[in-house]
Every structure is written in structure tokens, then in C-alpha cells.
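Spelled out from the first residue to the last, the chains are:
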Amino acid sequence: MRVQTAFRLDKELLDAAKKKAKSQKRSLNNYIEVLLHKDLENYLNNASEESNYDSEMDADVNAVQSYDKWIKSLKKGN
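Residues numbered from 1 in each chain as written. Predicted model: local features only at pLDDT ≥ 70, side-chain atom pairs only at ≥ 80, totals over all residues. Heavy atoms only, no water.

Chemist: Explain helix α1 (residues 11-23) here, please?
Modeler: Within an α-helix, residues lying three or four positions from one another point in the same direction, as the helix has 3.6 residues per turn. In a regular helix each residue adds 1.5 Å, so 13 residues correspond to 18 Å; α1 covers 18 Å between its end C-alpha atoms and thus fits that length. Capping the start of α1, Asp 10 holds a side-chain oxygen 3.0 Å from the backbone nitrogen of Glu 12, two or three residues further along. Among the residues trailing α1, Lys 25 stands out with phi positive, at a value near 55°. (Helix = DSSP H or I, 4+ residues; strand = E, 2+ residues; numbered from the N terminus. Expected span 1.5 Å × (residues − 1). Polar contact = N/O pair within 3.5 Å; in protein donor to acceptor, adjacent residues only side chain to side chain.)

So, in C-alpha cells, the structure goes:
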């Protein structure tokens, strides 16, 4: 599931991100998502492992299911 959000960014930072995204033939949104994914990869994997442990203890695992869908959508390029 995608959620629309808004950020306030320094103009020079935003301009540089747009240029970098364009040079990689990516949308700005995709470029920022990829950067966040790379930065948060270890954190998300650890959270996923903790959620898997919780599921063994009959806990709710919705966060893991959403993460998996998100990863699949990144691989598809959506």
C-alpha cells in the first residue's frame, strides 16, 4: 500500500535529488524510496525478524506482510 506524504526540503537538496534521479532514469519518488530502503534495510530486516518471532508467540504480523508487499512492488518497479 502506498501512502501519499509531503516533506519540506532544502531547495538545493531537492534540485540535486531531481538531477540524480533523472541521471538514473528514475522518478524522484522512486529515487528517494530506493535511498530510504538502502538506509533502512538492516533496521527493517531486524524488525521483520522480531515480528516473525512475535508471530510464533501468536502476535500480529501485519507489519511484516506490508513490508513484503512493499519489497515486491520495488522489484516490479511500481
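Chemist: Is there a simple way to think about the confidence of the model for the chain in this case?
Modeler: Low-confidence regions, as indicated by low pLDDT, have predicted coordinates that should not be scrutinised in detail. Here the chain averages 80 in pLDDT, and 69% of its residues register 70 or above. Looking over the chain, one finds the lowest element-wise mean pLDDT in helix α3 (residues 62-76), namely 67, and the highest in α1, namely 96. (pLDDT = per-residue confidence, 0-100.)

Chemist: Would you mind going over the pattern of salt bridges with me for this structure?
Modeler: Close approach of charged atoms allows side chains with opposite charge to pair. Throughout the structure, instances matching the rule amount to two salt bridges. In this structure, Arg 2 engages Glu 33 in a salt bridge whose closest nitrogen and oxygen atoms are separated by 2.8 Å. Taken together, the residues Arg 2 in the segment before α1 and Glu 33 in helix α2 (residues 28-56) connect sequence positions 31 residues apart. On the accessibility criterion, Arg 2 (47% relative accessible area) is partly exposed. The exposure class of Glu 33 is buried, given its relative accessible area of 15%. As a salt-bridge pair, Lys 11 and Asp 15 come within 2.9 Å of each other at their nearest N and O atoms. Taken together, the residues Lys 11 and Asp 15, both in helix α1 and four residues apart, mark about one turn of the helix. (Salt bridge = Lys/Arg side-chain N within 4 Å of Asp/Glu carboxyl O. Buried < 20%, exposed > 50% of the residue type's maximum accessible area, 1.4 Å probe, protein only.)

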